Amino acid sequence: MNYTIPSPTSPARGRGLLAARAVRPGDIIAVFDGAGTPAIAIPDSNHLAHTCSYCLATPADNNDTTTTTPPVKLRACTGCRVVAYCSPACQKRDWQLVHKLECKVFQRVRASTSASGHVALPTPVRALVQILLLRSDADRNALVGKLESHVDDFRRLPPGNVNDSNRSSAEAVSWQDMELQAMAALHYLGRAVGEREKNEALEVLCKLQVNSFNRLDADIGQTGLFLHPQLAMVNHSCLPSAYVQFSGRVAVLRAYQAINEGDEVEISYIDQALPLSQRQASLKARYHFTCACPRCAEDLDVYQACQRYPHLQLNDLSLATDLSELIRQQTSPPLSKTKDFSKAIAQVQASFTSLPTPPRSSSGATTTADAGSTEDLRRRWSLCQPLLLADTTHSTPFAIHPVPEILTDAVIHFSSRANYAAGLALSSLLATQVEPVRNPFPESPGRVKGLLTLAKLLANAAAPAAAAAAAEEEWSSSPSASASPRQKPQSKALQAAEKAILAVLRTMDVPTTCEVLLLLVLRSASSSTASPSPRPATSSDAQHQNNNNHHHHRMLIQPYHHEAQDILQDIRALPGRHAEQDLVRKLLDQRGRPGPGLGSSSSRTQEEKLFLEMVIVKPLREIAGLARSVMDAEFGGAAVQ
Ligand SMILES: C[S@@+](CC[C@H](N)C(=O)[O-])C[C@H]1O[C@@H](n2cnc3c(N)ncnc32)[C@H](O)[C@@H]1O
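None of the values given here were measured: they were computed from a predicted structure.

How each quantity is defined
- Residues numbered from 1 in each chain as written.
- Predicted model: local features only at pLDDT ≥ 70, side-chain atom pairs only at ≥ 80, totals over all residues.
- Heavy atoms only, no water.
- Pairing = 2+ DSSP bridges.
- Helix = DSSP H or I, 4+ residues; strand = E, 2+ residues; numbered from the N terminus.
- Near = heavy atom within 4 Å.
- Polar contact = N/O pair within 3.5 Å; in protein donor to acceptor, adjacent residues only side chain to side chain.
- Areas by Shrake-Rupley, 256 points an atom, 1.4 Å probe, with all protein chains shown as cover.
- Nonpolar A, V, L, I, M, F, W, Y, C, P; charged D, E, K, R; others polar.
- Buried < 20%, exposed > 50% of the residue type's maximum accessible area, 1.4 Å probe, protein only.
- Axes fitted to C-alpha atoms, helices over the stretch in contact; angles between N-to-C directions.
- Salt bridge = Lys/Arg side-chain N within 4 Å of Asp/Glu carboxyl O.

## Thoughts on the sheet that holds strand β2 (residues 17–19)
Paired through their backbone hydrogen bonds, the strands of a sheet run either parallel or antiparallel. The sheet built from four strands is open, its strands ordered β1-β2-β12-β9 with mixed pairing. The sheet is open, and its two edges are formed by β1 (3–4) and β9 (235–236), each paired on a single side. Across two bridges, β9 lies against strand β12 (residues 264–267) in parallel orientation. Counted as the bridge partner of His-236 is Ile-267 from β12.

Shown next, in the form of structure tokens:
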């Protein structure tokens with residue numbers, strides 16, 4: 001056990017989880033098993049048909065044509081026809097765990113719902129049903145008995161209070177809704193709905209609100225609810241020292257920065273990128289406390305917050321080799337303290353709060369997920385203009401909320417239209433100047449995912465670049481005559497931006513850049529205490545091996561590992577790249593190097609740094625420089641009001 005949970009030291013914060021040994025950034029602090037000890041791990045109710053209810057694998061895990069993994073086929077339970085499984089083994093395990101009892105509840109739900117109606121119970125109601133079904137009081141007590149409920153605070157919430165924190169279950173709303181949820185659970189359980197039963201159910205619902213996590217899947221976003229009594233002891237900070245990752249039914253607590261033995265481990269319950277007022281509101285609405293972390297106390301903007309992490313040096317072998325300089329530019333004087341900028345921030349925030357919540361893209365990857373309509377993106381981009389034009393003494397502060405979210409959605413917008421060059425420009429900007437500021441630790445999941453997206457876009461954009469080069473030679477034609485299918489004719493401005501991007505691409509050694517990006521993705525798996533596992537036959541099989549800590553450590557790899565490995569294999573199969581491969585190997589070889597990740601900067605030679613800077617970072621920065629033109633061309637920039 002790498003942690004301790006002593007009795008509360010501070011009445012304000014209650015209990016907390018302390019590191020029992022010193023850990024380095026990326027190290028696994030602890031693994032919380034959602035199958036063994038009393039725990040709840042369920043898919044979101046509106047994903048039940050697409051997610052294995054035991055191992056939580058989804059067919060979308062294998063949606064990508066770049067992977068060779070056989071697709072997961074799900075079969076519905078023949079009893080309730082509500083939940084589905086990827087294998088008889090998963091079905092059997094879930095049956096023994098809880099479904100034997102739960103199946104009857106779902107049958108009752110089905111019987112009382114019209115044939116066309118939505119049969120599943122909302123996610124928190126299903127979690128409540130599972131808790132109330134637990135066979136013994138001892139089990140139930142072990143799971144929820146000692147958890148903080150804040151029941152009186154919830155009772156006082158104004159009607160219609162909507163919790164929007166990313167740790168919450170989408171359905172979480174007001175006290176009145178919770179009362180309805182409690183009654184629904186008791187009704188379908190066939191139990192008495194007396195005052196005592198209702199209060200007991202309400203208390204459990206409150207505990208779920210305060211203590212459960214949303215399982216975040218690699219590519220689908222929020223896919224379920226996870227509750228574990230020990231993991232629930234981790235307190236919050238807006239400058240967290242750790243983060244939680246999910247892998248099937250397992251939650252992994254990973255260090256985000258070095259933590260000393262005996263220090264408290266803190267995670268962020270909410271989206272750290274949000275400005276102070278929104279962070280405080282989210283924390284208050286669901287967790288009922290006012291955060292007093294250094295970031296809140298001093299109202300640090302995202303650049304200042306980044307400066308507080310001791311990770312800047314780790315970035316010199318990443319796509320943000322200039323992170324210290326980027327931060328220096330924005331923090332002297334502090335961006336958010338300049339008059340123009342505070343005004344711009346206030347203006348942008350006010351206009352955004354009056355917008356209906358845009359559908360959040362869950363992946364940031366090249367999917368056609370709901371990134372918002374073109375119209376919605378135009379509106380959001382135009383509302384951001386005061387922020388982007390505010391202060392000429394600083395370089396453009398692209399990392400300030402909500403710019404990164406809009407750029408991420410725009411990547412999806414362009415990818416779904418097969419305009420990979422435009423997507424590449426935005427993705428390069430995110431990977432070189434935005435994500436490193438928001439996630440200063442180079443191996444954090446947000447960064448790793450961005451690298452993989454970038455590698456894929458680069459590969460896709462390079463194909464038309466090559467085609468366009470050939471076409472230009474022969475016909476002097478424009479890049480719009482290239483191979484990629486287009487849905488709509490493009491504006492002249494977008495064509496010009498795309499031409500400039502393709503021109504940079506033609507100067508690049510794309511396979512080598514992709515290879516380096518993919519190796520950066522893979523390093524995040526190998527530098528932690530987890531060692532990469534051999535590729536599992538299917539993701540569900542992998543989960544089945546998951547029955548002790550040793551196995552957990554073997555399979556707790558970054559979610560993007562296998563995909564990166566697949567693409568890397570294709571690149572390495574290209575002929576005539578021996579010299580390049582040798583260089584890349586030299587640059588990224590970790591053997592014999594101290595420290596986390598790729599070793600300390602002092603052990604790197606000038607030649608290696610120069611290679612990274614010239615071959616990878618410089619051209620990507622050049623492409624990133626075209627992102628603003630791409631956005632303005634497609635979404636109107638300052639011209640649209
Ligand atoms: C998931 S629980 C964490 C464990 C909790 N401290 C306990 O003793 O049960 C969340 C609750 O812990 C408290 N908490 C967490 N982080 C805090 C912080 N930074 N400041 C004050 N209270 C905090 C709040 O009461 C919050 O609702």
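## Looking at the site of the ligand
Near the ligand, the surroundings consist of 16 residues, among which Arg-13, Arg-15, His-150, His-236 and Tyr-287 are the closest. At a separation of 2.8 Å, an oxygen atom of the ligand approaches a polar side-chain atom of His-150. Between His-236 and the ligand, the recorded distance is 2.8 Å, taken from a backbone N or O atom to a nitrogen atom. In isolation the ligand has 550 Å² of accessible area, and contact with the protein removes 95% of it. Contributing elements (two or more residues each) for the shell around the ligand: α6 (195–211) and β9. Residues of the shell around the ligand, tallied by class, amount to eight nonpolar, five polar and three charged.

## What about the pairing of strand β11 (residues 250–255)?
Here β11 lies mainly inside the structure; six of its six residues are buried. Going residue by residue along β11, you find Val-250, Val-252 and Arg-254 tucked away on one face and Ala-251, Leu-253 and Ala-255 tucked away on the opposite face as well. Bridging between strand β3 (residues 28–33) and β11 involves five bridges; their strand directions are antiparallel. Residue Ile-28 lies in a different strand from β11, and its bridge partner there is Arg-254. With six bridges joining them, strand β10 (residues 242–247) and β11 adopt antiparallel strand pairing. Bridge pairing in β11 links Tyr-243 to Arg-254. Hairpin connection of β10 to β11: two residues between the antiparallel strands, including Gly-248 at a positive phi of 60 degrees.

## Describing the environment of Ser-174
By secondary structure assignment, the location of Ser-174 is in the loop between α4 (151–155) and α5 (175–189). Counting along the chain gives 20 residues from Ser-174 to Phe-154, while the straight-line C-alpha distance between them is 7.8 Å.

## Quick word on the sheet that holds β3
Pairing is antiparallel across the open sheet formed by three strands, whose spatial order is β3-β11-β10. At either margin of the open sheet sits one strand with a lone partner, and together these are β3 and β10. Averaged over neighbouring strand pairs, the angle between their axes works out to 20 degrees when direction is ignored.

## Examining the pattern of salt bridges
Scanning the model with the defined rule gives 22 salt bridges in all. We note a salt bridge from Glu-197 to Arg-196, for which the minimum N-O separation is 3.6 Å. When the shortest N-O distance is used, the salt bridge between Glu-325 and Arg-328 registers 3.0 Å. Here Arg-328 and Glu-325 lie together in helix α10 (residues 323–331), a separation of three residues that amounts to about one turn. For Arg-328, a relative accessible area of 46% translates into the label partly exposed. One network of salt bridges, in which partners are shared, links Arg-13, Glu-264 and Glu-266.

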